[in-house]
Amino acid sequence: MLDQTAPTVEDILALAEACIARLPGHMQAAAGAVRIIVEDYAEDEILDEMKIDDALELSGLYSGVPLIHESVTHPSMQTPLVYLYRLPILFEWAARGDVTLDELVSHVTIHEYGHHFGWSDEEMHRLLDSMD
């Protein structure tokens, strides 16, 4: 009998952590400062603030000060956070059918970490391509 259980919060977190572990060595220290939180959906306040009506439209979010805006004399006191939203990720994965769950979680994870590092979309895609 096939296991029909949907991937859990812990499963998504494990995939995101594995993605970060595949980053080039020179990025590991800065990436390690970011805390990953996996929740089923974004909170209503976040959706309202971002003017998003459907919680399934937000699969991830970065909260923090990008490294390019920090300095030695003015470091951020806020822990950088990456939120991954399990149900939007699973709905997109099921709807697309052309990517693995690992690929999709990696894409969302790198996109959110890209905000932390101050990367452009092009830099994010280049990094994802190099990790395949």
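Just above sits the structure.
This text gives an overview of the structure that appears in the document. All values reported here derive from a predicted model rather than from experimental measurement.

Conventions and cut-offs
Residues numbered from 1 in each chain as written. Predicted model: local features only at pLDDT ≥ 70, side-chain atom pairs only at ≥ 80, totals over all residues. Heavy atoms only, no water. Salt bridge = Lys/Arg side-chain N within 4 Å of Asp/Glu carboxyl O. Helix = DSSP H or I, 4+ residues; strand = E, 2+ residues; numbered from the N terminus. Buried < 20%, exposed > 50% of the residue type's maximum accessible area, 1.4 Å probe, protein only. Polar contact = N/O pair within 3.5 Å; in protein donor to acceptor, adjacent residues only side chain to side chain. Arc of directions from axis to C-beta. Contact = heavy atoms within 4.5 Å. Pairing = 2+ DSSP bridges. Axes fitted to C-alpha atoms, helices over the stretch in contact; angles between N-to-C directions. Parallel < 35°, antiparallel > 145°, perpendicular 65-115°, else oblique. Left-handed = near helix turned anticlockwise from the far one by under 90°. Nonpolar A, V, L, I, M, F, W, Y, C, P; charged D, E, K, R; others polar. Core = buried A, V, L, I, M, F, W, Y, C linked by side-chain atoms within 4.5 Å.

Brief notes about the pattern of salt bridges
Moving on, step 1. Counted by the stated rule, this structure contains three salt bridges.
Moving on, step 2. Linking Glu92 and Arg96 is a salt bridge whose minimum nitrogen-to-oxygen distance equals 3.3 Å. Of this pair, Glu92 and Arg96 are both found in helix α4 (residues 86-96), four residues apart, which corresponds to roughly one turn of the helix.
Moving on, step 3. Judged by relative accessible area, which is 40%, Arg96 ranks as partly exposed.
Moving on, step 4. In this structure, Arg96 engages Asp98 in a salt bridge whose closest nitrogen and oxygen atoms are separated by 3.0 Å.
Moving on, step 5. Beyond isolated ion pairs, a larger network of salt bridges with shared partners links Glu92, Arg96 and Asp98.

Examining the environment of Glu103
Moving on, step 1. Within the secondary structure layout, Glu103 lies in helix α5 (residues 101-117).
Moving on, step 2. Counting along the chain gives 88 residues from Glu103 to Leu15, while the straight-line C-alpha distance between them is 9.0 Å.
Moving on, step 3. Here Thr100 takes part through its backbone nitrogen, which lies 2.8 Å from a polar atom of the side chain of Glu103.

Some remarks on helix α6 (residues 121-131)
Moving on, step 1. Three or more residues of α6 are buried, namely Met124, Leu127, Leu128 and Met131. Each buried residue of α6 sits inside an arc of 100 degrees when the element is viewed along its axis, so together they form one side. Along α6, the residues that are exposed and aim more than 90 degrees away from the buried face are Glu122, Asp129 and Ser130.
Moving on, step 2. Here the buried face of α6 lies against α1 (9-21), α2 (25-32) and α5.

Focus on the sheet that holds strand β1 (residues 35-39)
Moving on, step 1. Judged by pairing direction, the sheet is mixed, and its three strands sit side by side in the order β1-β3-β2 without closing on themselves. A strand with exactly one partner marks an edge of an open sheet, and here the two such strands are β1 and β2 (60-63). Neighbour-to-neighbour, the strand axes of this sheet turn through a mean angle of 20 degrees, independent of strand direction.
Moving on, step 2. Against the sheet, α1 contacts β1 and β3 (81-85), and its axis sits at roughly 150 degrees relative to β1.

Brief notes about the side chain of Arg86
Moving on, step 1. Along the polypeptide, Arg86 turns up in helix α4.
Moving on, step 2. Residue Arg86 is classed as buried on the basis of its relative accessible area of 14%.

Structural notes on the packing of α5 against α6
Moving on, step 1. For the pair α5 and α6, the least separation of the axes is 10 Å and the interaxial angle reads 135 degrees. Between α5 and α6, the angle falls in the class oblique. In the packing of α5 onto α6, the handedness of the crossing is right-handed. Seen from α5, the contacting residues are Ser106, His107, Ile110, His111, Gly114 and His115; seen from α6, they are Asp121, Met124, His125, Leu127, Leu128 and Met131.
Moving on, step 2. The class makeup of the residues in the contact of α5 with α6 is five nonpolar, six polar and one charged.

Remarks on the nonpolar core
Moving on, step 1. Residues Leu23, Leu84, Ile110 and Tyr113 are the most contacted members of the largest nonpolar core, which totals 29 residues.
Moving on, step 2. Looking at this core, the elements with two or more residues in it are α1, α2, β1, β3, α4, α5 and α6.
Moving on, step 3. Ranked by residue count, the leading element in this core is α5, at seven residues.
Moving on, step 4. When residues no more than four places from it in sequence are discounted, the contact partners of Tyr113 are Ile20, Ala31, Val34, Ile36, Val82 and Trp119.

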